[in-house]
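# Summary of the model geometry
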Amino acid sequence: MIDKDAPPRRVGDVAAVSGALPVHRTGILIIILVSYFMILLDNSIIFTGLPSIQASLDLSSTSLSWVQNAYTLTFGGLLLLAARAGDILGRRRIFIIGLVIFTIASMGVGLAPTGGWMIGARALQGVGSAIIGPISLSLLTATFPPGKDRNQAVAWYAATAGIGGSLGMVIGGLFADLLTWRAGFFVNVPVGIVMIILGLRYLIEQPRTPGRFDVLGAVFSTIGVGTLMYGVVLSADLGWSSPITITAISTGVVLLVLLVVNESRADQPIMPLRLFGSRVRSGAYAIRFLYIGSMMGLFFFVTQFMQNVMNWTPLQAGLGYLPMTLINFAVALWVPRLSRHLHPLALLATGVVVTLVGMGWLTFLTPDSSYALNIGAPMVLVGIGQGLTFAPLTSFGIHGVATSDGGAASGVMNTAHQVGSSLGLAVLVALGASAVTSSASTAIADIVTRVDVALTGSSALLVLAALVLATVMLPAFITERRKPLTHPPHLPDDSPHSPQERKTNAL
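Rules used throughout
- Residues numbered from 1 in each chain as written.
- Predicted model: local features only at pLDDT ≥ 70, side-chain atom pairs only at ≥ 80, totals over all residues.
- Heavy atoms only, no water.
- Helix = DSSP H or I, 4+ residues; strand = E, 2+ residues; numbered from the N terminus.
- Buried < 20%, exposed > 50% of the residue type's maximum accessible area, 1.4 Å probe, protein only.
- Contact = heavy atoms within 4.5 Å.
- Areas by Shrake-Rupley, 256 points an atom, 1.4 Å probe, with all protein chains shown as cover.
- Phe/Tyr/Trp six-rings, centres within 6.5 Å; stacked < 30°, edge-to-face > 60°.
- Lys NZ or Arg CZ within 6 Å of the ring centre and 35° of its normal.
- Patch = residues over 30% accessible without salt bridge, like charges linked within 9 Å, V, L, I, M, F, W, Y side chains within 5 Å.
- Salt bridge = Lys/Arg side-chain N within 4 Å of Asp/Glu carboxyl O.
- Expected span 1.5 Å × (residues − 1).
- Axes fitted to C-alpha atoms, helices over the stretch in contact; angles between N-to-C directions.
- Parallel < 35°, antiparallel > 145°, perpendicular 65-115°, else oblique.
- Left-handed = near helix turned anticlockwise from the far one by under 90°.
- Core = buried A, V, L, I, M, F, W, Y, C linked by side-chain atoms within 4.5 Å.
- Polar contact = N/O pair within 3.5 Å; in protein donor to acceptor, adjacent residues only side chain to side chain.
- Nonpolar A, V, L, I, M, F, W, Y, C, P; charged D, E, K, R; others polar.
- pLDDT = per-residue confidence, 0-100.

### Quick word on the overall build of the protein chain
In terms of regular secondary structure, the protein chain is built from 17 helices and zero strands. Residue burial in the protein chain is summarised as follows: out of 507 residues, 57% are buried. Long-range contacts, defined as pairs at least 24 residues apart, comprise 84% of the intrachain contacts of the protein chain with a sequence gap of at least 6. With an accessible surface of roughly 19,500 Å², the protein chain has 68% of that area assigned to carbon and sulfur atoms.

Structure (structure tokens):
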């Protein structure tokens, strides 16, 4: 018998039996979740700290926007490249490199004496996040075989994805009010160092995909996604009709079209088009894109409402997200039990619909709205919806993917997440700004109008997500007559966790 919980004989050892499960799966899961949580936290912690950052570093409004934009561009642009690098060069090695980059960059952000330093360090943080994000999920799928253990691991991963953004608002407000905005980034340093040490000790290198990089695919994906997102972030300042915005977005679209053409011909593509051969996976990517865009609208605009209309401090505004955060976490951990009785597609559909009800409720905000009835209560619904949505959405995004494509599938899913958040927020900001047409209205009236219109746009994104689910994913299950995904996703028999190899592992 193999003792699956025995420590490896040396760093990087794999079990003697071919295909044996990695040791210390609980430790590996903790490393994955904590590392993933750090990058999600830094994607939202910045929101409630922006006013303090602007005052501390004497930044203009344009420079302040690039504190987040720099992070967004490198994060989104490098996801596919980082994911494929993990497949080819080794996920453990690349994951550790990502942690080192992210930890050093976090120290740089915390120490930033000027705006330029801050923006550069945030860009470097985005590089580390682009590595950690997709590889954390591919490490998870390679560590946990299909079944109860993977279901529970995916539930924890999804819970982390769900609460990372909203808890970042709480922590950001807490530090900005009681300590300093720098504290949120300094905390990453000791945590990152611990994760690096534990990663070197416990992470097991997975089999690599032999071959070489798809150089053209790397160039097209990195520059294409980066340029597209650059155009999107410019639209907030220059407008959608600006020649610079149009040129950047058009260039990004052309490069992404060239990426698809290249991937159809490449021997070892950075983004295998076979990933989109399943309508289940394609639908999951599209829904994630729309769903996360809707959530970013909620974070951005409800925070504005609480601080500028209700006159709440950053700390109070951050704490205002606690109902959504706590209920999200609790529901997400119940998903594995619920999936024993309900098809994951039913859980996903319920989650999207409940989120839509909560988001629709938020569109009725007025200057006299109370927190409990008009924000807290709908946030509870949104939290329930998030808890039900992220676990099946994550499972469907890697459904049926061979281990060799695990990194690529994780990269596509994380790219949908990151591009969806940036593009969704940019569209909603533009939508909200276009709603204010009267110069005679008061500042508070303008804010309320922008918030209501933008959250209506968020609701529209959720309607589109529901339509994708009904027209793409549901017919796929009906026509393909798939077995209910009580234990999603199932890997093919030629994967390292095939039934035959699992039988070998038990010997």
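### Focus on the packing of aromatic side chains
To describe a pair of aromatic rings, you give the distance between the ring centres and the angle between the ring planes. Applying the stated rule across the entire model yields eight aromatic pairs. Taking the centre distance of 5.8 Å and the plane angle of 65 degrees together, the rings of Phe299 and Tyr321 count as edge-to-face. On the criterion of sequence distance, the pair formed by Phe299 in helix H10 (residues 279-309) and Tyr321 in the loop between helix H11 (314-319) and helix H12 (322-338) is long-range, its members being 22 residues apart. Residue classification places Phe299 among the buried positions, given a relative accessible area of 5%. The exposure class assigned to Tyr321 is buried, which follows from its relative accessible area of 0%. Ring geometry for Trp312 against Tyr371: centres 5.2 Å apart, planes inclined by 40 degrees, an arrangement best described as tilted. One end of the pair, Trp312, is in the loop between H10 and H11; the other, Tyr371, is in helix H14 (residues 371-397), with 59 residues separating them in the sequence. Across from the ring centre of Tyr71, 4.3 Å away, lies the NZ or CZ of Arg122, which sits over that ring. Positioned over the ring face of Trp334 is Arg337, at 4.7 Å from the centre of the ring.

### Thoughts on unusual backbone geometry
Positive phi is not limited to glycine here, since Asn311 has a value of about 60 degrees. Positionally, Asn311 belongs in the loop between H10 and H11.

### Digging into a nonpolar patch on the surface
Where nonpolar side chains cluster on the molecular surface, the patch consists of Leu89, Phe213, Val215, Val219 and Ile223 and spans about 400 Å² of accessible area. Per-element accounting of the nonpolar patch gives the leading share, three residues, to helix H8 (residues 215-238). Taking the relative accessible area as the measure of exposure, Leu89 reaches 33% and is therefore partly exposed.

### Considering H12
If you check H12, its first and last C-alpha atoms are 24 Å apart, about what 17 residues at 1.5 Å a residue would give, namely 24 Å. Buried within H12 we find Met324, Thr325, Asn328, Val331, Ala332, Val335 and Pro336.

### Let's talk about the packing of H10 against H14
Two elements in contact, H10 and H14, have axes whose closest approach is 11 Å; the angle formed by their N-to-C orientations is 155 degrees. What the angle tells us is that H10 and H14 run roughly antiparallel. For the pair H10 and H14, the sense of crossing is left-handed.

### Some remarks on the nonpolar core
Judged by nonpolar contacts, the single largest core of 52 residues is most densely connected at Ile287, Leu298, Val302, Tyr321, Leu348 and Phe396. Sorting the residues of this core by element identifies helix H5 (148-178), H10, H12, helix H13 (344-362), H14, helix H15 (406-434) and helix H16 (443-480) as the ones contributing at least two each. The element contributing the most residues to this core is H10, with 15 residues. If we skip the residues at most four places from it in the chain, Val302 touches Gly297, Tyr321, Leu362, Ile375, Met379 and Leu455.

### Concerning the side chain of Thr303
Locating Thr303 in the fold gives a position in helix H10. Within the structure, the side chain of Thr303 is placed 2.6 Å from the side chain of Tyr321, a separation counted as a polar contact.

### Focus: the environment of Gly77
Inspection of the secondary structure puts Gly77 in helix H2 (residues 61-89). Accessibility expressed as a relative area gives 4% for Gly77, which makes it buried. The sequence separation of Gly77 and Gln418 amounts to 341 residues, and the corresponding C-alpha distance is 9.2 Å. Ignoring anything within four residues of it in the chain, the contact list for Gly77 reads Ser221, Thr222, Val225 and Gly226.

### Thoughts on the packing of H13 against H14
Between H13 and H14, the shortest axis-to-axis distance is 7 Å and the interhelical angle comes to 155 degrees. When the interaxial angle is binned, H13 and H14 end up roughly antiparallel. Taken as a pair, H13 and H14 cross one another with a handedness that is left-handed. Class assignment of the residues belonging to the contact of H13 with H14 gives a composition of 21 nonpolar, eight polar and no charged.

### A word on the environment of Asp267
For Asp267, the location among the structural elements is in the loop between helix H9 (243-263) and H10. The spatial distance from the C-alpha of Asp267 to the C-alpha of Asp214 is 8.0 Å, given a sequence separation of 53 residues.

### Details of the side chain of Thr143
For Thr143, the position within the fold is in helix H4 (residues 115-143). Among the polar contacts listed, one links the side chain of Thr143 to the backbone oxygen of Leu139, at a separation of 2.6 Å.

### What about the environment of Ile31?
Along the chain, Ile31 turns up in helix H1 (residues 25-57). Once residues lying within four places of it in the same chain are set aside, the contact partners of Ile31 are Phe95, Met195, Leu198, Gly199, Tyr202 and Leu203.

### A look at the confidence of the model for the protein chain
Residues of the protein chain with pLDDT of at least 70 account for 84%, and the chain-wide mean is 79. Predicted confidence for residues 484-507 stays below pLDDT 50, and this span has 60 contacts to residues more than four positions away or in other chains.

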